[in-house]
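# Structural features, examined
Chain residues, written in single-letter form:
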Amino acid sequence: LNIQVGTQSISPLMWAIETGSLDAANSIIIDLLTIRADRDRYYYGMDILFERHPDVIKRLCMDAPALMTTLLDGLIWRSRITDNGQRRVNYYIRHLLMDQNNEFAKATEWITENNDPKLVCHPVVSLVTDMVW
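The text that follows walks through the structure, step by step, so that each part is easy to find. Because the structure is a prediction, the values reported are computed rather than measured.

Analysis parameters
Residues numbered from 1 in each chain as written. Predicted model: local features only at pLDDT ≥ 70, side-chain atom pairs only at ≥ 80, totals over all residues. Heavy atoms only, no water. Salt bridge = Lys/Arg side-chain N within 4 Å of Asp/Glu carboxyl O. Helix = DSSP H or I, 4+ residues; strand = E, 2+ residues; numbered from the N terminus. Buried < 20%, exposed > 50% of the residue type's maximum accessible area, 1.4 Å probe, protein only. Core = buried A, V, L, I, M, F, W, Y, C linked by side-chain atoms within 4.5 Å. Contact = heavy atoms within 4.5 Å. Pairing = 2+ DSSP bridges. Phe/Tyr/Trp six-rings, centres within 6.5 Å; stacked < 30°, edge-to-face > 60°. 1 Å grid on protein atoms, 1.4 Å probe; cavity = no way out; pocket = protein on both sides within 12 Å on 5 of 7 lines; lining within 4 Å. Points joined across faces, edges and corners; volume = space filled by probe spheres on them. Nonpolar A, V, L, I, M, F, W, Y, C, P; charged D, E, K, R; others polar. Disulfide = S-S within 2.5 Å.

## Considerations on the pattern of salt bridges
The full count for this structure, using the stated rule, is three salt bridges. Among the ionic pairs, Arg59 bridges to Asp63, the shortest N-O distance being 3.4 Å. Of this pair, Arg59 and Asp63 both sit in helix H4 (residues 56-63), four residues apart, roughly one helical turn. The class for Asp63 is partly exposed, based on a relative accessible area of 39%.

Written out as structure tokens, the structure reads:
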């Protein structure tokens, strides 16, 4: 998420959003939030995304609200295996609850200011608000 151009550092994700290339931004988000593994470890770009762009939720809500569902869907892992009709699910919500300074994150505030009822009903947002309240 960091490309050096001369003396300036740019993010391909923010560049795609700013130029209106939402298909490219969508692909970048999906790629970052896909869990991959090799013989040694797992790879998941969630931490890198939120470290480079702590305000990514605010930016998406303002400039590309259509990408919010893609981002939130990427914060959920669902097992492909079912056990007695139940499926294991992991929600990766740390960055929605706490910011880089370990203080309460503004993600919920930014999402509610967006005034999108479908977004507020997303399972990730619902889990975060249920945990806080």
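On we go from here.
## Side note on the nonpolar core
Ranked by size, the top nonpolar core spans 32 residues in total, and within it Ile57, Leu60, Met68 and Leu96 carry the most contacts. At the level of elements, helix H1 (12-18), helix H2 (22-32), helix H3 (46-52), H4, helix H5 (68-73), helix H6 (94-97), helix H7 (107-113) and helix H9 (123-132) are the ones that each hand at least two residues to this core. Contacts of Leu96, omitting those with residues within four sequence positions, involve Ile57, Leu72, Leu75, Ala105, Ala107, Thr108, Val124 and Val128.

## Structural notes on the pairing of strand E5 (residues 76-83)
Pairing of E5 with strand E6 (residues 86-91) involves five bridges; the strand directions are antiparallel. What sits directly across from Trp77, in E6, is Asn90. Adjacent in sequence and paired antiparallel, E5 and E6 are bridged by two residues, among which Asn84 carries a positive phi angle near 55 degrees.

## Things to note about the packing of aromatic side chains
Each aromatic ring pair is specified by the distance between its two centres and by the angle formed by the two planes. Counted according to the given criterion, the structure contains one aromatic pair. When the ring of Tyr44 is compared with that of Tyr92, the centres are 5.1 Å apart and the planes differ by 55 degrees; the resulting orientation is tilted. You can see Tyr44 sitting in the loop between strand E4 (42-43) and H3 and its partner Tyr92 sitting in the loop between E6 and H6, a full 48 residues away along the chain. Using a relative accessible area of 25% as the deciding quantity, one classes Tyr92 as partly exposed.

## Quick notes on empty space enclosed by the protein
Per the stated rule, a full pass over the model turns up one cavity of 30 Å³ or more. If you trace the largest cavity, you find it lined by Leu96, Ala107, Thr108, Ile111, Val125, Val128 and Thr129. Elements supplying a minimum of two residues to the lining of the largest cavity: H7 and H9. Taken together, the residues of the lining of the largest cavity break down into five nonpolar, two polar and no charged.

## Here's the deal with the layout of surface pockets
Quantified by volume, the largest pocket comes out at close to 280 Å³. For the largest pocket, the lining is made up of 16 residues, of which Pro54, His95, Met98, Asp99 and Gln100 are closest to its centre. Within the residue set of the lining of the largest pocket, elements represented by two or more residues are H3, H6 and H7. In terms of residue count, the dominant contributor to the lining of the largest pocket is H3 (three residues).

## Description of the state of the cysteines
According to the stated counting rule, one finds zero disulfides in the structure shown. Free cysteine Cys61: the closest other cysteine sulfur is in Cys121, separated by 14 Å. Since its relative accessible area comes to 62%, Cys121 is described here as exposed.

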